[in-house]
Amino acid sequence: MTADVDATVLAGAPLAAEIREGVRKRVALLRERGIVPGLSIVTVGEPPSGNPYVRSKCRAAEEVGARARVTRLAPDVSESTLRATLREISADRSVHGVILQLPIPAPLRDEQHLEDIDPEKDVDGIHPLNVGRWVNGLTAHRPATPLGIVELLHRHAGDLAGKHAVVVGRSRIVGRPLSVFLSERTRGMNATVTLCHSETRDLASYTTRADVLIVAMGRRRAIGAAEVRPGAIVIDVGIHPVEHPVPGGPKYEGDVDYEAVRRVASAITPVPGGVGPLTVAMLLSNLADAAERSAGPAATS
């Protein structure tokens with residue numbers, strides 16, 4: 001690829017709008033049966049100004065006809081209170097999806113409290129039971145961000161069978177699930193996957209061999225043009241406020257140096273507007289799945 005040709009911009013919003021419209025129709029059918037899908041988000045130590053991610057999830061749920069509520073706990077909440085709260089909400093039959101907004105402050109531990117959520121209502125797809133099921137290819141809620149990335153790649157990358165996908169980042173909600181999904185022996189997947197992270201030695205020796213490079217390491221502009229194979233598809237999961245934005249300039253940036261990499265890659269996601277809208281859309285799809293399973297099959301005439 002020549003240096004004067006820009007990459008195709010893989011905007012997530014159009015695909016996310018399609019997914020959300022499908023969810024809206026599913027929710028409408030549930031409401032006809034007297035069932036209103038309910039999403040409950042629990043936050044610990046949320047700042048006074050609120051959490052923009054929580055607001056966007058609630059707004060999106062309400063836009064498709066679901067109900068959303070937030071339970072806000074103090075940063076010094078006890079382990080027993082958090083556990084009791086999650087279990088009480090999980091037992092509420094009007095709630096179909098429960099999210100513990102991560103990360104939670106120490107000394108509380110994420111992995112300990114994820115088990116306090118009913119796995120049937122774990123729309124983040126990270127309860128140990130759900131993880132065990134999707135790792136083995138069984139039906140279960142799956143993490144929303146990897147699902148969104150897979151949908152985007154289905155549309156723009158074609159069949160990944162035999163292609164080399166490099167995932168940079170090993171979080172339980174992005175990197176690790178993606179390494180499983182992309183390598184699954186399913187239609188469109190079957191990629192050869194390398195999972196890297198912040199401690200990987202000579203990271204560029206891996207990223208420059210990737211046909212598909214997915215970066216979710218939480219470091220602003222960690223990947224530049226020199227770390228990308230010409231013609232690769234680059235998915236940027238990171239999002240960071242620009243420290244000193246210029247008037248009219250971008251307010252956010254990702255884990256990838258967008259301006260440099262778009263001159264090398266064949267396709268790239270923008271920040272914002274790339275992966276983010278798909279994450280919310282797939283979360284809503286998981287919520288609809290949970291509500292439909294809870295409701296059971298519709299009666300036939």
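Above this text you will find the structure in question.
All values derive from a computational prediction rather than experimental measurement.

**Points about the overall build of the chain**
Along the backbone of the chain there are 10 helices and 11 strands. A compact globule built from 301 residues should have a C-alpha radius of gyration of about 19 Å, and the chain, at 20 Å, falls within 12% of that. Counting only C-alpha atoms, the chain reaches 55 × 50 × 40 Å along its principal axes. Restricting to contacts in the chain with at least 6 residues of sequence separation, those with at least 24 account for 69%. Total accessible area on the chain stands at roughly 14,600 Å², and carbon and sulfur atoms take up 51% of it. Computing the positive centroid from 36 side-chain charges and the negative centroid from 35, the chain places the two 3 Å apart.

**A short note on the pairing of strand β2 (residues 38-44)**
Across the seven residues that make up β2, a large majority, seven, are buried. Side chains Gly-38, Ser-40, Val-42 and Val-44 project from β2 onto one buried face, and the interleaved Leu-39, Ile-41 and Thr-43 project onto a second face that is buried too. Sheet topology places β2 next to strand β3 (residues 67-73); seven bridges connect them, and they run parallel. Its bridge partner being in β3, Ser-40 is matched across the sheet by Arg-69. On the question of chirality, the crossover connecting β2 to the parallel β3 by way of helix α2 (residues 52-63) is right-handed.

**A few points about the sheet that holds strand β1 (residues 8-9)**
As summarised here, the arrangement of the six strands in space is β1-β11-β8-β7-β5-β6, forming an open sheet in which the pairing is parallel. The open sheet has two edge strands with one neighbour each: β1 and β6 (192-196). Relative to the sheet, helix α7 (residues 175-183) contacts β5 (164-168), β6 and β7 (212-215), its axis offset from that of β6 by approximately 170°.

**Here we look at a nonpolar patch on the surface**
Taken together, the side chains of Tyr-53, Ile-239 and Tyr-252 define a hydrophobic patch exposed on the protein surface, amounting to about 300 Å² of accessible area. Relative to the elements of secondary structure, Tyr-252 occurs in strand β10 (residues 252-253). On the basis of relative accessible area, Tyr-252 is assigned to the partly exposed category, the value being 40%.

**What to know about the side chain of Ser-179**
Mapping Ser-179 onto the fold places it in helix α7. On the accessibility criterion, Ser-179 (16% relative accessible area) is buried. From its side chain, Ser-179 meets the backbone oxygen of Arg-176 in a polar contact 2.7 Å long.

**Considerations on helix α1 (residues 13-32)**
Given a rise of 1.5 Å per residue, 20 residues ought to cover 28 Å, and the 28 Å separating the end C-alpha atoms of α1 matches this to within 8%. Of all the positions in α1, only Leu-15, Ala-16, Ile-19, Val-23, Val-27 and Leu-30 are classed as buried. One side of α1 holds all its buried residues, which, seen down the axis, span an arc of 110°. Residues Pro-14, Leu-29 and Glu-32 are exposed on α1 and point more than 90 degrees away from its buried face. Of the surrounding secondary structure, the elements contacted by the buried residues of α1 are α6 (144-156) and α10 (275-295). Just beyond α1, the residue with positive phi is Gly-34, at close to 85°.

**Quick notes on the sheet that holds β2**
Taken in spatial order, the three strands make up an open sheet running β3-β2-β4, and their pairing is parallel. At either end of the open sheet lies a strand with only one pairing partner, and these are β3 and β4 (97-100). If you compare each strand with its neighbour and ignore which way they point, the axes differ by 15° on average. Its contacts with the sheet place α2 against β2, β3 and β4, and it is angled at close to 170° to β2.

**Structural notes on the packing of aromatic side chains**
In the structure shown here, the tally under the stated rule is one aromatic pair. Ring plane angle 70° and centroid distance 5.2 Å describe the contact between Trp-134 and Phe-181, whose orientation is recorded as edge-to-face. Taken together, the residues Trp-134 in helix α5 (residues 128-135) and Phe-181 in helix α7 connect sequence positions 47 residues apart. A single burial state applies to Trp-134 and to Phe-181, both of which are buried.

**Describing unusual backbone geometry**
Across the chain, the bulk of peptide bonds are trans and the bulk of non-glycine residues have phi less than zero. A cis amide bond links Ala-106 with the next residue in sequence, Pro-107, at an omega value of 10°. With respect to the element layout, Pro-107 can be found in the loop between β4 and α4 (110-114). Note the cis peptide between Val-271 and Pro-272, where omega equals -5°. For Pro-272, the location among the structural elements is in the loop between β11 (267-268) and α10. For Asp-202, which is not glycine, the phi torsion reads 50° and is therefore positive. Position of Asp-202 among the secondary structure elements: in the loop between β6 and α8 (204-207). Its identity is not glycine, yet Arg-221 carries a phi of approximately 45°, on the positive side. Note on placement: Arg-221 falls in the loop between β7 and β8 (233-236).

Definitions and limits used
Residues numbered from 1 in each chain as written. Predicted model: local features only at pLDDT ≥ 70, side-chain atom pairs only at ≥ 80, totals over all residues. Heavy atoms only, no water. Helix = DSSP H or I, 4+ residues; strand = E, 2+ residues; numbered from the N terminus. Rg over C-alpha atoms; globule rule 2.2 N^0.38 Å. Contact = heavy atoms within 4.5 Å. Areas by Shrake-Rupley, 256 points an atom, 1.4 Å probe, with all protein chains shown as cover. Lys, Arg positive; Asp, Glu negative; His and termini not counted. Charge placed at Lys NZ, Arg CZ, Asp CG, Glu CD. Buried < 20%, exposed > 50% of the residue type's maximum accessible area, 1.4 Å probe, protein only. Pairing = 2+ DSSP bridges. Right-handed = clockwise from strand over helix to strand, strands pointing away. Axes fitted to C-alpha atoms, helices over the stretch in contact; angles between N-to-C directions. Patch = residues over 30% accessible without salt bridge, like charges linked within 9 Å, V, L, I, M, F, W, Y side chains within 5 Å. Salt bridge = Lys/Arg side-chain N within 4 Å of Asp/Glu carboxyl O. Polar contact = N/O pair within 3.5 Å; in protein donor to acceptor, adjacent residues only side chain to side chain. Expected span 1.5 Å × (residues − 1). Arc of directions from axis to C-beta. Phe/Tyr/Trp six-rings, centres within 6.5 Å; stacked < 30°, edge-to-face > 60°.

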